[in-house]
Amino acid sequence: MSNPSALQDVLDHVIAPAGELARREGKFPREAVSALGRAGLLGLTCSAEPEGGGTYLARAAEVVARVMPVCPATAAVLQSHYAAATVVEAYGGRWLRGEVAAGRHLCTLALVEDGAGAVRSTARRTGGVVVLRAHKRDVVAAGEADCYVWSSPPVASDGGLTLWGVPAHAPGLFVPASANGAPFASATSTVVADPVRVPAEAMLGADGEGSRILLGAVLPWLLELSAVIGSDAVHPSLGALARSASGTARSGDGQAFAASAAMALR
């Protein structure tokens, strides 16, 4: 991080009181997230150009480990943000990368399909616009994040997944009311695209290459960050990624990641 004392200052003055509200009232720690952004800690994993901190997984794990005992909800949000930001950093457009690097954008993962309903995840392209339709469950910071790293079936290729950077303000994207009325402080909930239209340029990586990106980039980050958080707060996307890895990986690394993810879920 650019200032070694930046995190401690945010922990003492913002995250600690936000953690109390999260525990007592289930309130999303918006003040903590905003303070982390201002301190350069949301952009920590992004390259130094144009505005990010330019550090990587080990430093992110350090931040999450220090935040966890003070506010588990903020730690869960950071875990999802850092894992999603690694995809944005590698494949996102210049504007989106700059917003994340500057700490102005909170990212999250929307990867787990809600199999309970009749809605089937789809992606249809017409000209320069892609129409996405899906119900995604177990999304951390649902309704609070600025950008969702969203998975869908491919638009044109056969098999695999395609990833998208879906802005939170996209028309047709919403978080349904909680069925039990008991909110999680991490705002973990379902997000619905009914439908959502995004420009074709919102694609992150190549069409059909999403599984490879998730296996090679997101899964290692979630495993490392889940390890420092502890088994009581395993990221909800790990199960889906473990199944994807075990079903598609042929390399030694892929098999090892699948095994590690399965162990983390025990």
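About the criteria used
- Position numbers for residues start from 1 in each chain and track the written sequence from start to end.
- Restriction of local features to residues with pLDDT of at least 70 applies here, the model being predicted, together with a cutoff of 80 or more for giving and counting side-chain atom pairs; totals for whole chains, interfaces and linings are based on all residues.
- Heavy atoms from the whole structure form the basis of all side-chain values; hydrogens and water molecules are not counted.
- Angles shown run from 0 to 180 degrees and are taken between the N-to-C directions of axes, each axis being a line fitted to C-alpha atoms and, for helices, limited to the stretch in contact.
- Only runs of H or I of at least four residues qualify as helices and only runs of E of at least two qualify as strands under DSSP, and these elements are numbered from the N terminus.
- By the definition used in this description, the sense in which the near helix is turned from the far one sets the handedness, with an anticlockwise turn below a right angle giving left-handed and a clockwise turn giving right-handed.
- Whether two residues are in contact is decided by their heavy atoms: any pair within 4.5 Å suffices.
- In this classification, the charged set is Asp, Glu, Lys and Arg, the nonpolar set is Ala, Val, Leu, Ile, Met, Phe, Trp, Tyr, Cys and Pro, and all remaining amino acids, among them Gly, are polar.
- A pair is scored as a salt bridge if a Lys or Arg side-chain nitrogen falls within 4 Å of a carboxyl oxygen belonging to Asp or Glu.
- Here the term buried applies to any residue with accessible area under 20% of the maximum for its type, exposed to any over 50%, and partly exposed to those in between, with areas from a 1.4 Å probe on protein chains only.
- Pairs of strands are assigned from DSSP output, requiring at least two bridges between the strands.
- As defined here, a cavity is a set of points on a 1 Å grid over the protein atoms alone where a 1.4 Å probe fits but cannot get out. A pocket is an open set with protein on both sides within 12 Å along at least five of seven lines, and residues line them when an atom is within 4 Å of a point.
- Grid points are joined across faces, edges and corners, and a volume is the space filled by probe spheres set on the points.
- On a scale of 0 to 100, pLDDT captures the predictor's confidence in every residue.
- In this context, the arc is that of the directions from the helix axis out to the C-beta atoms.
- Any helix carries an expected span of 1.5 Å times its number of residues minus one.

1. Digging into the packing of helix α3 (residues 57-67) against helix α6 (residues 210-229)
And then number 1: Across the interface, α3 lies against α6 with an axial gap of 9 Å and an inter-helix angle of 35 degrees. Considering only the axes of α3 and α6, their crossing is right-handed. Contact with α3, carried on its side by L57, A60, A61, V64 and A65, involves P220, W221, E224, L225, V228 and I229 of α6 and no other residues of that element.
And then number 2: Counted by class, the contact of α3 with α6 contains 10 nonpolar, no polar and 1 charged residues.

2. Re the pattern of salt bridges
And then number 1: All told, the structure shown has 11 salt bridges when counted by the stated rule.
And then number 2: The partner of E31 in a salt bridge is K27, with the nearest N and O atoms 3.5 Å apart.
And then number 3: Given the relative accessible area of 39%, E31 is considered partly exposed.
And then number 4: Classification of K27 as partly exposed rests on a relative accessible area of 35%.
And then number 5: Linking D138 and R137 is a salt bridge whose minimum nitrogen-to-oxygen distance equals 2.5 Å.
And then number 6: Owing to a relative accessible area of 31%, R137 belongs among the partly exposed residues under this scheme.
And then number 7: Connected through shared salt-bridge partners, E20, R23 and R24 make up one network.

3. Digging into the sheet that holds strand β1 (residues 107-110)
And then number 1: Overall, mixed pairing links the 4 strands, which are arranged β1-β5-β6-β9 in an open sheet. What marks the edges here is a single partner per strand, and that holds for β1 and β9 (203-204).
And then number 2: Summarising the sheet, strand β6 (residues 162-167) and β9 pair through 2 bridges and their orientation is antiparallel. Looking at the pairing, L163 lines up with L204 of β9.
And then number 3: Contacts from α6 reach β1, β6 and β9 within the one sheet, and its direction differs from that of β6 by about 65 degrees.

4. Digging into the layout of surface pockets
It is a probe the size of a water molecule, rolled over the atoms, that shows where empty space is left.
And then number 1: Looking at the second largest pocket, its volume works out to about 340 Å³.
And then number 2: Every residue lining the second largest pocket is counted, 17 residues in all, and those nearest its centre are W95, L96, G165, P167 and A202.
And then number 3: Contributions of two or more residues to the lining of the second largest pocket are made by α5 (94-101), β6 and β9.
And then number 4: Tallied by class, residues from the lining of the second largest pocket come to 10 nonpolar, 5 polar and 2 charged.

5. Looking at the confidence of the model for the protein
And then number 1: The pLDDT averaged across the protein works out to 85; a share of 80% of its residues lies at or above 70.
And then number 2: For the protein, helix α8 (residues 252-264) is the element with the lowest average pLDDT, namely 45, and β6 is the one with the highest, namely 98.
And then number 3: pLDDT under 50 marks residues 248-266. Its contacts with residues more than four places away, or in other chains, come to 27 contacts.

6. Overview of the pairing of strand β3 (residues 122-126)
And then number 1: Where β3 meets strand β4 (residues 129-139), 5 bridges bridge the pair, whose relative direction is antiparallel. The residue bridging A123 from the neighbouring strand is L132, located in β4.

7. A closer look at α3
What sets the pattern is the α-helix's 3.6 residues per turn: residues three or four places apart point alike.
And then number 1: Burial in α3 covers these residues: A60, A61, V63, V64 and V67. Each buried residue of α3 lies within a common arc of 160 degrees when the element is viewed along its axis, so the set occupies one face.
And then number 2: In this fold, the buried residues of α3 make contact with α1 (6-25), α4 (72-91) and α6.

8. Examining the environment of G165
And then number 1: With respect to the element layout, G165 can be found in strand β6.
And then number 2: With 36 residues separating them along the chain, G165 and E201 place their C-alpha atoms 9.1 Å apart.
And then number 3: Filtering out sequence-adjacent residues up to four positions away, G165 remains in contact with C147, Y148, A202 and L204.

9. Some points on α4
And then number 1: Across its 20 residues, α4 extends 29 Å between first and last C-alpha, which sits within 8% of the 28 Å expected from 1.5 Å per residue.
And then number 2: Across the 20 residues that make up α4, a large majority, 16, are buried.

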